[in-house]
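Observations on the model geometry
Here's the letter readout for the chains.
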Amino acid sequence: MIIIKGKGVYGGYAFGPIAFYERQDSIVKRKHIEDVDSEIIRFEKAQGVAIEQLKNLHDKAIQEVGELDAQIFEIHQMMLDDDDFVSSITNIIKTQQINAEFAVATTGTNFSKMFSLMDDDYMKERATDVKDISERIIRILSEDNQDGFTTDKCVILAADDLVPSETVQLDKTYIKSFVTMYGSPNSHTAILARMMNIPAIIGLGEQLSPKYDGKYAIVDGFNGKVIIEPDQETIEFYEKKQLEETERQNLLKSLKGKDNTTIDGSSIKLFANIGNVADVAYALQNDAGGIGLFRSEFLYLQSKDFPTEEEQFQAYKTVVENMAGKQVVIRTLDIGADKQIDYFNLPKEENPALGYRAIRICLEQPEIFKTQLRALLRASAYGDIAIMFPMITDVEEVREAKAILQNAKSELTALGVPYSNDI
């Protein structure tokens, strides 16, 4: 019996043979080309196909993990269209007169290294995303139609790592768990695993080897352990643990519809976080007491231009009406850092996470802010809304934000538009 330890990113237990996935990475050869313009057009066509593929993956991910976490594939589309990424590729093709595949591979490697050397853990994980989109374009250019991992029997999937596009295409009918040598809890793949309810462990290191392919194993996602060729006593122990976990899950389901009250009689609120209108269905399905955070920036991320007051009003109104009197906390626009929107034309910063973002953008561009506040105020006439201002650094920002809110109220009052005075 062999026990390998890593980092559990989603709890649960799984039993079955290990299936080691060793992807065939595209072999990219450097080739001299004469017609630079044609090669750039060839890259642009592959880029377009890749974006279309990611749109399809986004649609599939919505069904699997919901709108919020499906945003990963919208982010990948944005990365594919990033000016710096595209300019690097086209510049290499022009200056070195080489094939698009090699230019994409070189840019992908350079950008991936750049991200991996950053101090911020979240930004480090973007190295995997760059690798994913680069490999996608190279496969299209090479006419390589790999479909990822497929199987027709129940297995524990093992790999060096999995990129988001591979993770979301896993068939949960047969993939009972996945375990990887590398990765981190901040990776999009780990996030998807949590949303897909697949027991998963990352960071198992070199001890997880292809030599274990086909070996029977147990995955303990709670404690980050893979037990290879367990003895009968261990199997029986984990079968009992799995039964207890199933009973616990059934108990949680039985609590739906009941008051959220502790043993000593204290009432607590269990609210859900959402990214758009569609996510309300999950909140209601799981008996949420309200919406603790509606990330309104996704209305902007999903739009090619600034969403109008009416568009925002309809979205907020629908959420509030569906929650039927339960409180809905809506966070005003929080963009910047990892959430970039082209039409805002935000300046590049050394550390965007701490600089010009969220409330500071709203205060710098009060008309955009006021449009959102007017929509929120109008929606407040249909239910219990609370408004959250994000990334506040000092009290003056609160005062400025409230002044703009008061101005929006005055405008609506003058127009005779109803809104709640109790927000």
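Since we're looking at a predicted model, the values are computed, not measured.

Mean pLDDT over the chain stands at 86; residues scoring 70 or higher make up 88%. Least confident of the elements in the chain is helix H8 (residues 188–196), whose mean pLDDT is 68; most confident is strand S8 (residues 225–228), at 97.

Formed by 36 residues in total, the largest nonpolar core has its most connected members in Ile 291, Tyr 316, Phe 369 and Leu 373. Take this core: its biggest share by element is seven residues, from helix H14 (residues 366–379). Once residues within four sequence positions are removed from consideration, Ile 291 is found in contact with Phe 271, Ala 272, Ile 274, Ala 283, Met 323, Gln 327, Val 328 and Val 329. Among the nonpolar cores identified, the runner-up in size contains 33 residues, and Ala 100, Phe 111, Ala 127 and Ile 138 belong to it.

With that settled, the discussion passes to unusual backbone geometry. If you check the backbone angles, Glu 229 has positive phi at about 50° while not being a glycine. Structurally, Glu 229 is set in the loop between S8 and helix H9 (232–254). Overall, Glu 229 belongs to the partly exposed group, its relative accessible area being 42%. Unusually for a residue other than glycine, Asp 287 sits at a positive phi of about 65°. Turning to its location among the elements, Asp 287 is positioned in the loop between helix H10 (280–285) and strand S10 (291–295).

With that settled, the discussion passes to the side chain of Glu 101. Here Glu 101 shows up in helix H4 (residues 100–116). The exposure class assigned to Glu 101 is buried, which follows from its relative accessible area of 11%. At 2.5 Å, the side chain of Glu 101 forms a polar contact with the side chain of Arg 42.

Our focus in this paragraph is the packing of H14 against helix H15 (residues 395–415). Running from N to C, H14 and H15 point in directions that differ by 60°, and their axes come no closer than 9 Å. With respect to their mutual orientation, H14 and H15 come out oblique. For the pair H14 and H15, the crossing hand works out as right-handed. The segment H14 lies against H15, with Pro 366, Phe 369, Lys 370, Leu 373, Arg 374, Leu 377 and Arg 378 engaging Ala 401, Ile 404, Leu 405, Asn 407, Ala 408, Lys 409, Glu 411, Leu 412 and Leu 415. Here the residues of the contact of H14 with H15 are counted per class, giving 10 nonpolar, one polar and five charged.

The end-to-end C-alpha separation of helix H3 (residues 83–96) is 19 Å, in line with the 20 Å expected for 14 residues at 1.5 Å each. When H3 is considered as a whole, its buried residues turn out to be Phe 85, Val 86, Ile 89, Thr 90, Ile 92 and Ile 93. Down the axis, H3 shows its buried residues gathered within 150° of arc, on one side only. Exposed and facing more than 90 degrees away from the buried side of H3 are Asp 83 and Thr 95. For H3, the N-terminal capping position is held by Asp 82, with its side-chain oxygen 3.1 Å away from the main-chain nitrogen of Asp 84. Once H3 ends, the next one or two residues include Gln 97, with phi positive near 50°.

What counts and what doesn't
- Residues numbered from 1 in each chain as written.
- Predicted model: local features only at pLDDT ≥ 70, side-chain atom pairs only at ≥ 80, totals over all residues.
- Heavy atoms only, no water.
- pLDDT = per-residue confidence, 0-100.
- Helix = DSSP H or I, 4+ residues; strand = E, 2+ residues; numbered from the N terminus.
- Core = buried A, V, L, I, M, F, W, Y, C linked by side-chain atoms within 4.5 Å.
- Buried < 20%, exposed > 50% of the residue type's maximum accessible area, 1.4 Å probe, protein only.
- Contact = heavy atoms within 4.5 Å.
- Polar contact = N/O pair within 3.5 Å; in protein donor to acceptor, adjacent residues only side chain to side chain.
- Axes fitted to C-alpha atoms, helices over the stretch in contact; angles between N-to-C directions.
- Parallel < 35°, antiparallel > 145°, perpendicular 65-115°, else oblique.
- Left-handed = near helix turned anticlockwise from the far one by under 90°.
- Nonpolar A, V, L, I, M, F, W, Y, C, P; charged D, E, K, R; others polar.
- Expected span 1.5 Å × (residues − 1).
- Arc of directions from axis to C-beta.

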